[in-house]
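The primary structure of each chain is shown beneath.
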Amino acid sequence: MSWADTDIHLMRAAIAEAENAKASNEIPVGAVVAWSGNIIGKGFNRTIQDSDPSAHAEVVAIRNAAAVQKNHRLIGATVYVTLEPCAMCVGAMIQARIQRLVFAAYDPKAGAVGSVLDLSDIKEFNHRIEINGGLLAEECSAILKEFFAAKR
């Protein structure tokens, strides 16, 4: 797969958000929501600092984008995230009507778009998301591995 410059640029913005999470001693996952190539929302894992188990990077970014757009539907938007989303985050994307998901590293423990299960392939859901995985995967995996190695 050949990645567009825009995808790489926006994944780099998600990586910057992951670095913000790392600086906050949170698991370093970052996300941005883009529409027409422009960032309309961003976020990083905040579960510890917010005492909120739903404050994953994707959910934080979607909430931010929805507030900016003043709409709970983000039709036409793309989410860029440094780690394959979990079931909760994919559910939020479906509810927001996200058009496309671009993620970096696969998550063999909780990934919900192919690694553990695939919520993008359930025909009964009323919305489909285009899935693109693996962009800058090695770089994002290294950030996570370094974070957890430092914790041990």
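Our subject in this report is the structure included herewith. Predicted model, so just to flag it, every value in this text is computed and none were measured.

Some remarks on the packing of aromatic side chains
Thought 1: Summed over all chains, the structure comprises two aromatic pairs.
Thought 2: Both rings, one in Phe103 and one in Tyr106, keep their centres 4.9 Å apart while their planes meet at 80 degrees; by these two values the pair is edge-to-face.
Thought 3: On the basis of relative accessible area, Tyr106 is assigned to the partly exposed category, the value being 47%.
Thought 4: Ring geometry for Phe147 versus Phe148: centroids 5.3 Å apart, planes at 80 degrees, classification edge-to-face.

What about the nonpolar core?
Thought 1: Counting 42 residues, the largest nonpolar core has Met11, Val33, Leu74, Val79, Tyr80, Met93 and Leu101 as its most contacted members.
Thought 2: Residue assignment for this core shows that the elements contributing at least two residues are helix H1 (5-23), strand E1 (30-35), helix H3 (57-69), strand E3 (78-83), helix H4 (87-96), strand E4 (100-105) and helix H5 (137-151).

A few points about the sheet that holds E3
Thought 1: Taken in spatial order, the five strands make up an open sheet running E2-E1-E3-E4-E5, and their pairing is mixed. Each edge of the open sheet is held by one strand with a lone partner, namely strand E2 (38-44) and strand E5 (130-133). Put simply, the sheet's adjacent strands are angled 15 degrees from each other on average, direction ignored.
Thought 2: Docked against the sheet, H3 engages E1, E2 and E3, running at close to 140 degrees with respect to E2.
Thought 3: In this fold H5 packs onto E3 and E4, with an angle of close to 60 degrees to the strand it touches most, E4.

Concerning the environment of Val81
Thought 1: Note on placement: Val81 falls in strand E3.
Thought 2: Residue classification places Val81 among the buried positions, given a relative accessible area of 0%.
Thought 3: In this structure the C-alpha to C-alpha distance between Val81 and Ala66, which are 15 residues apart in sequence, comes to 17 Å.
Thought 4: Ignoring any residue separated from it by four or fewer positions in sequence, one finds Val81 in contact with Met11, Ala14, Val29, Gly30, Ala31, Glu58, Leu101, Val102, Phe103 and Ala104.

Section: the layout of surface pockets
Thought 1: One number sums up the size of the largest pocket: a volume of about 520 Å³.
Thought 2: Surrounding the largest pocket, 23 residues form its lining, Ile27, Leu83, Asp107, Leu144 and Phe148 being those nearest its centre.
Thought 3: The set of elements that each furnish at least two residues to the lining of the largest pocket consists of helix H2 (47-50) and H5.
Thought 4: Of all the elements, H5 adds the most residues to the lining of the largest pocket, at four residues.
Thought 5: In terms of residue class, the lining of the largest pocket is built from 13 nonpolar, four polar and six charged.

Some points on the side chain of Asp107
Thought 1: Here Asp107 is to be found in the loop between E4 and E5.
Thought 2: Lys109 provides the closest opposite charge to the buried, salt-bridge-free Asp107, at an N-O distance of 7.2 Å.
Thought 3: A polar atom in the side chain of Asp107 sits 3.2 Å from the backbone nitrogen of Ala110.
Thought 4: Contacts of Asp107, omitting those with residues within four sequence positions, involve Leu83, Glu84, Ser115 and Val116.

Some remarks on the side chain of Thr82
Thought 1: Among the secondary structure elements, Thr82 is positioned in strand E3.
Thought 2: Relative accessible area serves as the criterion here: at 2%, Thr82 is assigned to the buried category.
Thought 3: Setting aside residues up to four positions removed in sequence, Thr82 forms contacts with Met11, Ala14, Ile15, Ala18, Pro28, Val29, Gly30, Ala104, Ala105 and Cys140.

What counts, and where the lines are drawn
- Residues numbered from 1 in each chain as written.
- Predicted model: local features only at pLDDT ≥ 70, side-chain atom pairs only at ≥ 80, totals over all residues.
- Heavy atoms only, no water.
- Phe/Tyr/Trp six-rings, centres within 6.5 Å; stacked < 30°, edge-to-face > 60°.
- Buried < 20%, exposed > 50% of the residue type's maximum accessible area, 1.4 Å probe, protein only.
- Core = buried A, V, L, I, M, F, W, Y, C linked by side-chain atoms within 4.5 Å.
- Helix = DSSP H or I, 4+ residues; strand = E, 2+ residues; numbered from the N terminus.
- Pairing = 2+ DSSP bridges.
- Axes fitted to C-alpha atoms, helices over the stretch in contact; angles between N-to-C directions.
- Contact = heavy atoms within 4.5 Å.
- 1 Å grid on protein atoms, 1.4 Å probe; cavity = no way out; pocket = protein on both sides within 12 Å on 5 of 7 lines; lining within 4 Å.
- Points joined across faces, edges and corners; volume = space filled by probe spheres on them.
- Nonpolar A, V, L, I, M, F, W, Y, C, P; charged D, E, K, R; others polar.
- Lys, Arg positive; Asp, Glu negative; His and termini not counted.
- Salt bridge = Lys/Arg side-chain N within 4 Å of Asp/Glu carboxyl O.
- Polar contact = N/O pair within 3.5 Å; in protein donor to acceptor, adjacent residues only side chain to side chain.

On their own, these measurements won't tell you what the molecule is for.
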